[in-house]
Amino acid sequence: ELKVEQNPLFLSMQEGKNYTIYCNYSTTSDRLYWYRQDPGKSLESLFVLLSNGAVKQEGRLMASLDTKARLSTLHITAAVHDLSATYFCAAESSGNTPLVFGKGTRLSVIA
Amino acid sequence: DTAVSQTPKYLVTQMGNDKSIKCEQNLGHDTMYWYKQDSKKFLKIMFSYNNKELIINETVPNRFSPKSPDKAHLNLHINSLELGDSAVYFCASSQSGANVLTFGAGSRLTVL
């Protein structure tokens, strides 16, 4: 059974600082997904990482995938308050199987 | 135009009642899902349908019965509601081969 673990689960960081969220998954998966959820809102797709070594960047967020280590990272650069949200990673055990989500990392960016 | 729409957005009901949540997507996707998000924000798959056929049925009490009249709709009916059913239920859709899910806004169910 595929398990997806994120850490940390809670992250409070100051504006302007950098930090990384880690996502480990337990079985072979070639694809990894990152989603963002604002309080009381739905989930929004951020990144889809489709192969080993994939790196994607959007603004202050950069995601990468190492399929050999079964690890994805979401790096936050020079955090701003607008990045405060819960970030989920998700993996699939094979094509066309539903995504299995991590428990989410609740990020608070404070002045 | 809302891509994945769920109704109702909020549902408050008594234990033992039966309720339904409806979901529709206008993206032309062939796969739809129900996910449950509990109070700790854990998100867990409940059901997956592909072209109206049930693909995944995770360990969910049989009080929960999904129905897909066509590939654009996936409804969730819940019988004999229990306190533990209180959660936010998200509908989502995707296209086979590209597992990028588009989520609905969620339906917050509160069982008293």
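Residues numbered from 1 in each chain as written. Chains lettered and ligands numbered in written order. Predicted model: local features only at pLDDT ≥ 70, side-chain atom pairs only at ≥ 80, totals over all residues. Heavy atoms only, no water.

Q: Explain the overall build of chain A here, please?
A: Assigned secondary structure in chain A consists of 0 helices and 11 strands. Along chain A, from the amino end to the carboxyl end, the secondary structure elements read β-β-β-β-β-β-β-β-β-β-β. By the compact-globule yardstick of 13 Å for 111 residues, chain A fits well, its C-alpha radius of gyration being 13 Å. Seen along its three principal axes, the alpha-carbon backbone of chain A occupies a region of about 40 × 30 × 20 Å. When the 111 residues of chain A are sorted by exposure, 45% land in the buried category. A separation of at least 24 residues holds for 54% of the contacts in chain A among residues at least 6 apart in sequence. Averaging the positions of the 11 positive and the 10 negative side-chain charges in chain A gives two centres separated by 3 Å. (Helix = DSSP H or I, 4+ residues; strand = E, 2+ residues; numbered from the N terminus. Rg over C-alpha atoms; globule rule 2.2 N^0.38 Å. Buried < 20%, exposed > 50% of the residue type's maximum accessible area, 1.4 Å probe, protein only. Contact = heavy atoms within 4.5 Å. Lys, Arg positive; Asp, Glu negative; His and termini not counted. Charge placed at Lys NZ, Arg CZ, Asp CG, Glu CD.)

Q: Can you help me understand the nonpolar core in this one?
A: Where a protein is soluble and globular, its nonpolar side chains tend to be buried together. Grouped together as the largest cluster of nonpolar side chains are 25 residues, with contacts concentrated most on L32(A), W34(A), L74(A), I76(A), Y87(A) and L107(A). Those elements that provide at least two residues to this core are strand 2 (10-14), strand 3 (19-25), strand 4 (32-37), strand 5 (43-49), strand 7 (61-66), strand 8 (71-76), strand 9 (85-91) and strand 11 (105-110) of chain A. Of the residues forming this core, the biggest block, 4 residues, is contributed by strand 9 of chain A. Other than its neighbours up to four places away in sequence, I76(A) contacts M13(A), K17(A), N18(A), Y19(A), I21(A), R60(A), L61(A), L83(A) and L107(A). Counting 20 residues, the second-largest nonpolar core is a separate cluster that includes I21(B), F47(B), L74(B) and V111(B). (Core = buried A, V, L, I, M, F, W, Y, C linked by side-chain atoms within 4.5 Å.)

Q: What exactly am I supposed to notice about the interface of chain B and chain A here?
A: It is common to give the size of an interface as the accessible area lost on bringing the parts into contact. Contacts between chain B and chain A engage 19 residues on the former and 18 residues on the latter. Across the chain B to chain A interface the summed buried area is about 1,600 Å²; carbon plus sulfur atoms make up 57%. At the boundary of chain B with chain A, the tally comes to 0 salt bridges. At the boundary of chain B and chain A, one finds 4 residue pairs in polar contact (both at pLDDT 80 or more). Those elements that provide at least two residues to the side of chain B that touches chain A are strand 4 (31-37), strand 5 (43-50) and strand 10 (98-103) of chain B. For the side of chain B that touches chain A, the leading source of residues is strand 10 of chain B, giving 5 residues. A breakdown of the residues in the side of chain B that touches chain A according to their chemical character gives 12 nonpolar, 6 polar and 1 charged. (Buried area = accessible area lost by both parts, 1.4 Å probe. Salt bridge = Lys/Arg side-chain N within 4 Å of Asp/Glu carboxyl O. Polar contact = N/O pair within 3.5 Å; in protein donor to acceptor, adjacent residues only side chain to side chain. Nonpolar A, V, L, I, M, F, W, Y, C, P; charged D, E, K, R; others polar.)

Q: What's the story with the state of the cysteines in this structure? I'm lost.
A: Each disulfide is one covalent bond, formed between the sulfur atoms of two cysteines. Per the stated rule, a full pass over the model turns up 2 disulfides over all chains. Disulfide partner of C23(A): C89(A), at an S-S distance of 2.0 Å. The chirality of the disulfide connecting C23(A) with C89(A) is right-handed, given an S-S dihedral of about 85°. Here the residue C23(A) occupies a position in strand 3, and C89(A) occupies one in strand 9, the gap between them amounting to 66 residues. The disulfide bridge from C23(B) ends at C91(B), spanning 1.9 Å between sulfur atoms. In this structure the cystine formed by C23(B) and C91(B) twists about its S-S bond by roughly -75°; its chirality is therefore left-handed. One end of the pair, C23(B), is in strand 3 (residues 19-25); the other, C91(B), is in strand 9 (residues 87-95), with 68 residues separating them in the sequence. Overall, the relative accessible area of 0% leaves C91(B) in the buried class. (Disulfide = S-S within 2.5 Å.)

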